[in-house]
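# Survey of secondary and tertiary structure
The lines below spell out each chain.
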Amino acid sequence: MDAVAVSLGGSFLVKENGVDVALTREIAAVLERVSTQRRVLAVVGGGAVARTYIQGARALGAPETTLDEIGIAVTRINARVLLSSLPHAYPKPPLSFDEALLASRSYPIVVMGGTHPGHTTDAVTVMLGDAARAKRIVIATNVDGVYSADPRKDPAAKHLPRLTAEDLVRITGGGDAKAGGTGVVDALGAKMIARSGIECAVVDGRDLKALEGALLGRTDFHGSLVTGGR
Ligand code: UTP
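Residues numbered from 1 in each chain as written. Predicted model: local features only at pLDDT ≥ 70, side-chain atom pairs only at ≥ 80, totals over all residues. Heavy atoms only, no water.

This part takes up the site of the ligand. Taken together, 17 residues form the shell around the ligand, and within it Gly-46, Arg-51, Asp-68, His-116 and Thr-121 come nearest. In this structure, an oxygen atom belonging to the ligand sits 3.2 Å away from a main-chain N or O atom of Gly-47. A distance of 2.6 Å is found between a nitrogen atom of the ligand and a backbone nitrogen or oxygen belonging to His-116. For the ligand, whose accessible area on its own is 570 Å², the fraction buried by protein is 78%. Looking at the shell around the ligand, the elements that each hand over two or more residues are α3 (47–59), α4 (64–83) and α6 (121–131). Counting residues per element, the shell around the ligand draws most heavily on α4, which supplies four residues. The residue makeup of the shell around the ligand, split by class, is three nonpolar, twelve polar and two charged. (Near = heavy atom within 4 Å. Polar contact = N/O pair within 3.5 Å; in protein donor to acceptor, adjacent residues only side chain to side chain. Areas by Shrake-Rupley, 256 points an atom, 1.4 Å probe, with all protein chains shown as cover. Helix = DSSP H or I, 4+ residues; strand = E, 2+ residues; numbered from the N terminus. Nonpolar A, V, L, I, M, F, W, Y, C, P; charged D, E, K, R; others polar.)

And the structure:
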């Protein structure tokens, strides 16, 4: 069975006032349905909780690498939250790609968090998708795709339903540590998409129809489709 790797921003599952139980359950139901047709490898982000903890520890003087470790710990907690609604998934977040790949041989759904300091879960998703020879990578974020510029800052920004991996690298800032331009995919993640050559869908994770269509490999979902790496 083909594999699909999906990045789920932690902000969908855990809001500032707690776990979004309804949305988490709905996203889990989408993953369960898709898993009858594709092996699902999901990576959960840190969201607001990670940012809050990182800010606090930074104010206390923690080094950047330690802040990343705090972020990784939160992504793994968020992965556990999602796993709470996935009875058929591998029961814990794998700590490495090897563990995720082995788990994926026996379980239809695997959910993990971050891996090492220095990048975000977008990059983890692309690496996992690459390692699993996924046919598609899906970035589920809080905007409905990639724009030519940051739509919050530039009213002339255009939604891009189709773009190349090279376009994505250019738009995301091509190496800026912060996700530049659109903020939908971090710069390293964009470079790794180009390197992997795997097609990548960017959708709003709250749009469950778009999410499911993208996960199933369709091309008519609402969002952006990035093609033509490598
Ligand atoms: P996220 O992947 O959630 O980062 O990981 P983000 O893009 O800043 O957050 P969203 O998309 O808005 O939710 C949270 C933090 O955890 C660390 C990084 O510091 C990252 O900013 N992290 C995560 C790592 O260092 N390595 C990883 O593999 C994953």
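From this point, the discussion proceeds with the structure in view.
We now examine the nonpolar core. Of all hydrophobic cores here, the largest spans 32 residues; its most connected members are Val-6, Leu-31, Leu-82, Val-111, Val-138, Leu-211 and Leu-215. No other element matches the six residues that helix α2 (residues 21–34) contributes to this core. Leaving out residues up to four positions away in the same chain, Val-111 has contacts with Ala-42, Val-44, Ala-79, Leu-82, Leu-83, Leu-86, Lys-92, Pro-93 and Pro-94. (Core = buried A, V, L, I, M, F, W, Y, C linked by side-chain atoms within 4.5 Å. Buried < 20%, exposed > 50% of the residue type's maximum accessible area, 1.4 Å probe, protein only. Contact = heavy atoms within 4.5 Å.)

Put simply, helix α5 (residues 97–106) and α6 touch, their axes get as near as 10 Å, and they point 50 degrees apart. Our classification of the angle between α5 and α6 gives oblique. Pair α5 / α6 crosses with right-handed handedness. Across from Phe-97, Ala-100 and Leu-101 in α5, the residues of α6 making contact are Val-124, Met-127, Leu-128 and Ala-131. Of the residues assigned to the contact of α5 with α6, the class counts are seven nonpolar, no polar and no charged. (Axes fitted to C-alpha atoms, helices over the stretch in contact; angles between N-to-C directions. Parallel < 35°, antiparallel > 145°, perpendicular 65-115°, else oblique. Left-handed = near helix turned anticlockwise from the far one by under 90°.)

On to the pattern of salt bridges, then. For the structure shown, the criterion picks out ten salt bridges. Between Asp-2 and Lys-135 there is a salt bridge, and its shortest N-O distance comes to 3.9 Å. In this pair, Asp-2 sits in the segment before β1 (3–8) while Lys-135 sits in the loop between α6 and β6 (136–141), placing the two residues 133 residues apart along the sequence. The exposure class assigned to Asp-2 is partly exposed, which follows from its relative accessible area of 34%. A salt bridge links Arg-170 to Asp-167, with the shortest nitrogen-to-oxygen separation between them at 3.1 Å. You can see Arg-170 and its partner Asp-167 sitting in helix α7 (residues 165–171), three residues apart, about one turn around the helix. The class for Arg-170 is exposed, based on a relative accessible area of 59%. (Salt bridge = Lys/Arg side-chain N within 4 Å of Asp/Glu carboxyl O.)

Attention shifts here to the confidence of the model for the chain. With 95% of its residues at a pLDDT of at least 70, the chain reaches an overall mean of 92. Confidence drops under a pLDDT of 50 for residues 175–182, and excluding neighbours within four residues, the segment shows 19 contacts in the predicted structure. (pLDDT = per-residue confidence, 0-100.)

This brings us to the sheet that holds strand β9 (residues 162–164). If you trace the seven strands from one edge of the open sheet to the other, you get β5-β4-β1-β6-β10-β11-β9, paired in mixed fashion. Because the sheet does not close on itself, it has two edges, and the strands there are β5 (109–112) and β9. Taking the axes of each pair of neighbouring strands and ignoring which way they run, one obtains an average angle of 20 degrees across the sheet. Bridge count for β6 against strand β10 (residues 199–204) is six bridges, and the pairing is parallel. Each bridged residue has a counterpart across the sheet, and for Ile-139 the counterpart in β10 is Val-202. Sheet strands touched by helix α9 (residues 208–215): β1, β6 and β10. Its angle to β6, the strand with the most contacts, is close to 165 degrees. (Pairing = 2+ DSSP bridges.)

Our next topic: α9. When you tally the buried positions in α9, you get six out of eight residues, the bulk of the element. Buried residues along α9 sit against β1, α2, β6 and β10.

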